[in-house]
Amino acid sequence: MSAWDIIYFIIGIVVAVVGIWNLAQRRFVFLSIVSLLFFLVVLFTFVVKIGLISFVLIPGTTVGELALYGAIPVFIVLAFFTRGSR
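Residues numbered from 1 in each chain as written. Predicted model: local features only at pLDDT ≥ 70, side-chain atom pairs only at ≥ 80, totals over all residues. Heavy atoms only, no water.

A.B. asks: What exactly am I supposed to notice about the overall build of the chain here?
C.D. replies: Of regular secondary structure, the chain possesses three helices and two strands. Shown N-terminal to C-terminal, the secondary structure of the chain runs as helices and strands in the order α-α-β-β-α. Looking at the chain as a whole, 24% of its 86 residues are labelled buried. (Helix = DSSP H or I, 4+ residues; strand = E, 2+ residues; numbered from the N terminus. Buried < 20%, exposed > 50% of the residue type's maximum accessible area, 1.4 Å probe, protein only.)

Printed below as a string of structure tokens:
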């Protein structure tokens, strides 16, 4: 486990805590779900390396990298356009 893996993991923990806090406050549910998904992808990509996440889908990239650098940023941008429940 390299230093960048640990940094990503710490950022993932912080994002998960903020996501759980927002979920408990019933604010920005979509953004909270995306933050928990980000934590899980970071956990299974950098810390617990399982077969599905490290599966090479496109030559040069894995499923975990596609989720981390492709799908999650799209979900975050979509979360900016959703309304928070009040």
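A.B. asks: Please clarify how the packing of aromatic side chains should be interpreted in this entry.
C.D. replies: Each aromatic ring pair is specified by the distance between its two centres and by the angle formed by the two planes. Taken as a whole and assessed by the stated rule, the structure comprises three aromatic pairs. Their ring planes at 85 degrees and their centres at 6.2 Å tell us that phenylalanine 30 and phenylalanine 75 sit as a pair that is edge-to-face. Placement of phenylalanine 30 in helix H2 (residues 29–47) and of phenylalanine 75 in helix H3 (residues 63–80) is noted, with a sequence separation of 45 residues between them. You can call phenylalanine 30 partly exposed: its relative accessible area is 32%. (Phe/Tyr/Trp six-rings, centres within 6.5 Å; stacked < 30°, edge-to-face > 60°.)

A.B. asks: Quick question: what am I supposed to make of unusual backbone geometry here?
C.D. replies: For residues other than glycine, phi is negative in most cases, and the peptide bonds are mostly trans. Its identity is not glycine, yet arginine 26 carries a phi of approximately 60 degrees, on the positive side. When you line up the elements, arginine 26 lands in the loop between helix H1 (3–24) and H2. Notably, phenylalanine 28 is not glycine yet its phi reads approximately 50 degrees, a positive angle. On the secondary structure map, phenylalanine 28 appears in the loop between H1 and H2.

A.B. asks: Is there a simple way to think about the nonpolar core in this case?
C.D. replies: Within soluble globular proteins, side chains that are nonpolar generally end up buried alongside one another. Formed by Val34, Phe38, Val41, Val42, Phe46, Leu68 and Ile72, the largest nonpolar core amounts to seven residues. If you list the elements that add at least two residues to this core, you get H2 and H3. Element by element, the count of residues in this core is highest for H2, at five residues. Among residues more than four places away in sequence, those in contact with valine 41 are Gly64, Ala67, Leu68 and Ile72. (Core = buried A, V, L, I, M, F, W, Y, C linked by side-chain atoms within 4.5 Å. Contact = heavy atoms within 4.5 Å.)

A.B. asks: Hey, could you run me through the packing of H2 against H3 in this one?
C.D. replies: Pairs of packed helices are described in terms of their axes, by the angle between the two and the distance that separates them. Running from N to C, H2 and H3 point in directions that differ by 170 degrees, and their axes come no closer than 10 Å. Overall, the two elements H2 and H3 adopt an arrangement that is roughly antiparallel. The segment H2 lies against H3, with Phe30, Leu31, Val34, Leu37, Phe38, Val41, Val42, Thr45 and Phe46 engaging Gly64, Ala67, Leu68, Tyr69, Ile72, Phe75, Ile76, Leu78 and Ala79. Taken together, the residues of the contact of H2 with H3 sort by class into 16 nonpolar, two polar and no charged. (Axes fitted to C-alpha atoms, helices over the stretch in contact; angles between N-to-C directions. Parallel < 35°, antiparallel > 145°, perpendicular 65-115°, else oblique. Nonpolar A, V, L, I, M, F, W, Y, C, P; charged D, E, K, R; others polar.)

A.B. asks: How should I be thinking about H3 in this particular structure?
C.D. replies: Two residues of an α-helix separated by three or four positions point the same way, owing to the 3.6 residues in each turn. Between its terminal C-alpha atoms H3 stretches 25 Å, which fits the 26 Å expected from 18 residues at 1.5 Å a residue. When the local axis directions of H3 are compared, the greatest deviation, roughly 30 degrees, occurs at alanine 71, which is followed within four positions by the proline proline 73. Along H3, the residues that are buried comprise Gly64, Leu68, Ile72 and Ala79. For H3, the elements touching its buried residues are H2 and strand E2 (61–62). (Expected span 1.5 Å × (residues − 1). Bend = angle between axes of the 7 residues up to and from the residue.)

These results come straight from atomic positions and should not be treated as a statement about function.
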